[in-house]
Amino acid sequence: MSDTINDVKYQTYIEERRSLVEASHSSAEQFDKYILTLSTGALALSITFLKNIAPTPLTESIIFLVLSWSCLIICTLLTLVSFLTSQKACSKQVEILEKNYLPDEELGNSKNYMSDLTTWLNRLSIFFFIIGVSLFAIFSIKNINNQKGDTQVAQNKSQQVKEGFVPPKTPAQPTLQKKGYVPPPPPKQPKNTGNSKK
């Protein structure tokens, strides 16, 4: 009776463990896809922002954009490499299982270094993604404030023009004198005809 109970418990344990392992693998696969999609999407968003919203960014803010792009590109590359290391880790785990459970195989090293490498690649990809998004947020805030300031200055200038600014008149062109024109002589002063008395 006790053996039957133990067998039922063991089968329950195996089924639960199998479902948890499958859920873990599915979660890891979805995580890689989401990180890859988000990192490339952030790159595309930053290029669109630079083109449409801040075509002339502040000079001191460009370093934040460059570092943001660098972090997002590194995140993308790390995620792509993690796909390859994950495949290698699965192959290595199959070899470990065969050596540990098949009677004809010699017991070998049970350490799966590819699995550890995949874990570190995923952690680094998260780190670079967070840093890249944070740097892009700093770049965006600085340039949005700058664009607001430029718009306010332009509005103030427009308001000054409306409230009484009178542009100067264009100077009148001098009349051209005809060729050969001779101005009239000045009028002669009248001579005194009377005798001056002493």
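Further up the page is the structure itself.
Residues numbered from 1 in each chain as written. Predicted model: local features only at pLDDT ≥ 70, side-chain atom pairs only at ≥ 80, totals over all residues. Heavy atoms only, no water.

Along the protein chain, the regular secondary structure elements total 3 helices and 0 strands. Sorting the 198 residues of the protein chain into buried and exposed places 17% on the buried side. Contacts in the protein chain between residues at least 24 apart in sequence constitute 80% of all its contacts with a sequence separation of at least 6. Of the roughly 16,400 Å² of accessible surface on the protein chain, a fraction of 62% belongs to carbon and sulfur atoms. (Helix = DSSP H or I, 4+ residues; strand = E, 2+ residues; numbered from the N terminus. Buried < 20%, exposed > 50% of the residue type's maximum accessible area, 1.4 Å probe, protein only. Contact = heavy atoms within 4.5 Å. Areas by Shrake-Rupley, 256 points an atom, 1.4 Å probe, with all protein chains shown as cover.)

Turning to the side chain of Ser-140, a few remarks are in order. Its location among the elements puts Ser-140 in helix α3 (residues 113-162). At a separation of 2.8 Å, a polar atom in the side chain of Ser-140 contacts the main-chain carbonyl oxygen of Phe-136. (Polar contact = N/O pair within 3.5 Å; in protein donor to acceptor, adjacent residues only side chain to side chain.)

Next up on the list: the environment of Gln-93. Mapped onto the elements of the fold, Gln-93 is located in helix α2 (residues 62-101). For the pair Gln-93 and Ser-110, spaced 17 residues apart in sequence, the C-alpha to C-alpha distance is 8.3 Å.

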